[in-house]
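Geometric and topological summary
What follows is each chain in one-letter form.
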Amino acid sequence: FGKMKPVIVVHGGAGRIFKEREEGSRAGVVKAALQGYGILKQGGSALDAVEEAVRSMEDDPHFNAGCGSVLNEKGEVEMDAIIMDGKNLDSGAVSAVKCIANPIKLARLVMEKTKHMLLTDHGAHLFAQAMDIPETPGEKLITERSRERWKKNLEPDSNPEEFQKDLGTVGAVAIDSEGNVACATSTGGLSNKLIGRVGDTACIGSGGYADNYSGATSTTGHGESIMKVVLARLVLYHMEQGMSPEMAADTALDYMKTRVGGLGGVIVVNNSGEWAARFSTKQMSWATVKDDQLHYGISAGERYTKPVDEALASESRIF
């Protein structure tokens with residue numbers, strides 16, 4: 001038995017990525033993919049790799065997760081995150097959490113340190129305290145851009161839907177050398193959302209799903225639509241019926257579009273290491289590493305490729 005070749009795929013959100021943010025989005029997903037791959041390359045687990053990739057994007061203000069999250073109707077950051085282990089279907093999630101830098105880390109702790117799968121709001125806050133997770137003042141997570149957008153959306157004639165197209169949920173899926181798969185997804189949700197709104201991200205099967213028997217998926221896009229079709233699980237279902245990752249992703253996205261008029265994107269890895277990054281929106285920033293080759297893109301049909309060593313060399317210059 002040769003060991004499995006590790007693969008990681010990440011996304012930085014589906015929607016419309018405004019010109020001035022393309023470069024940052026691209027650099028952010030590439031950095032996250034390389035960091036996750038570094039863990040896999042050293043024999044690390046898929047679970048650690050997806051958590052690390054997502055943490056990297058939570059810390060990057062270009063994305064709607066962690067620092068840079070959009071604001072709810074009251075002008076606060078409320079975040080959702082999920083992580084799932086394909087080996088035993090263990091999962092942990094948090095929803096409507098405030099004042100922590102990395103919701104994905106809290107989700108991992110919910111999975112490993114509690115008998116539960118999803119903690120919300122005040123309860124999640126108490127659990128974070130019990131786990132000694134440092135509090136980050138809410139202001140620290142708010143960027144100028146999020147505040148501007150929040151104000152615009154408050155104007156009586158505003159159309160928040162217009163801005164929703166620039167979403168930026170982040171996610172990662174991976175398969176490690178043992179053949180285990182995992183997924184992780186994190187988001188600040190919808191701009192100007194009602195307080196306490198839970199989107200697809202925190203919901204197992206919608207925001208993500210991982211099962212060694214088929215593969216792993218992480219989703220992004222219009223949360224309410226994703227929840228209606230349980231998009232992450234739907235993609236895996238199609239793979240179980242024998243479809244390739246790309247075909248399964250396209251079929252599921254197509255169903256969501258025709259059935260409920262929802263747009264979004266998915267990243268997928270199957271249990272033999274084939275991957276896909278597909279979207280029905282204008283754009284989705286994504287990156288993947290397989291066989292020491294980095295691939296990445298933002299727009300439909302766009303795909304850059306470079307050797308990992310070369311990418312790492314230019315990374316160290318950038319960061």
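Further up the page is the structure itself.
What you are looking at is a predicted structure, and each value in this text was computed from that prediction instead of being measured.

Taken in spatial order, the four strands of this open sheet run β7-β8-β9-β10, and their pairing is antiparallel. Each edge of the sheet is formed by a strand with only one pairing partner; in this case those strands are β7 (208-211) and β10 (275-279). Ignoring which end each strand starts from, the neighbouring axes of this sheet average 10 degrees apart. In this sheet, β10 lies alongside strand β9 (residues 264-270) in antiparallel orientation, the contact comprising five bridges. The residue of β10 that forms the bridge with Val 268 is Ala 276. On top of the sheet, helix α9 (residues 231-240) reaches β7, β8 (215-221) and β9; it is set at about 140 degrees to β8, its chief contact.

Before going further, it helps to spend a moment on the pairing of β10. The side chains of a regular strand alternate between the sheet's two faces. The buried fraction of β10 is high, at four of five residues. Hairpin remark: β9 followed by β10, antiparallel, with four residues in the connecting loop; positive phi at Gly 273, about 90 degrees.

It is worth spelling out empty space enclosed by the protein at this point. The rolling of a water-molecule-sized probe over the atoms marks out the regions of remaining empty space. Applying the stated criterion across every chain, the model contains three cavities of 30 Å³ or more. Quantified by volume, the largest cavity comes out at close to 70 Å³. Lining the largest cavity are eleven residues, with Thr 169, Thr 187, Gly 189, Arg 197 and Gly 221 positioned closest to its centre. Split by residue class, the lining of the largest cavity holds two nonpolar, seven polar and two charged.

What follows concerns helix α3 (residues 103-113). Burial analysis of α3 places eight of its eleven residues in the buried class, the great majority of the element. For α3, the full list of buried residues reads Pro 103, Ile 104, Leu 106, Ala 107, Arg 108, Leu 109, Val 110 and Met 111. In this fold, the buried residues of α3 make contact with α2 (46-58), β2 (79-85), β3 (90-97), β4 (118-120), α4 (121-130) and β6 (181-187).

Another point: the layout of surface pockets. Considered as a void within the structure, the second largest pocket measures approximately 260 Å³ in volume. In this structure, the second largest pocket is lined by 13 residues; those nearest its centre are Glu 246, Ala 277, Arg 278, Trp 286 and Gly 301. Elements with a contribution of two residues or more to the lining of the second largest pocket: α10 (245-260) and β10. In terms of residue count, β10 provides more of the lining of the second largest pocket than any other element does, five residues in total. The residue inventory of the lining of the second largest pocket, partitioned by class, reads six nonpolar, two polar and five charged.

Another point: the environment of Ile 17. When you line up the elements, Ile 17 lands in the loop between β1 (7-15) and α1 (19-41). Once the C-alpha coordinates of Ile 17 and His 238 are considered, the two residues, 221 residues apart in sequence, prove to be 29 Å apart.

Parameters at a glance
Residues numbered from 1 in each chain as written. Predicted model: local features only at pLDDT ≥ 70, side-chain atom pairs only at ≥ 80, totals over all residues. Heavy atoms only, no water. Pairing = 2+ DSSP bridges. Helix = DSSP H or I, 4+ residues; strand = E, 2+ residues; numbered from the N terminus. Axes fitted to C-alpha atoms, helices over the stretch in contact; angles between N-to-C directions. Contact = heavy atoms within 4.5 Å. Buried < 20%, exposed > 50% of the residue type's maximum accessible area, 1.4 Å probe, protein only. 1 Å grid on protein atoms, 1.4 Å probe; cavity = no way out; pocket = protein on both sides within 12 Å on 5 of 7 lines; lining within 4 Å. Points joined across faces, edges and corners; volume = space filled by probe spheres on them. Nonpolar A, V, L, I, M, F, W, Y, C, P; charged D, E, K, R; others polar.

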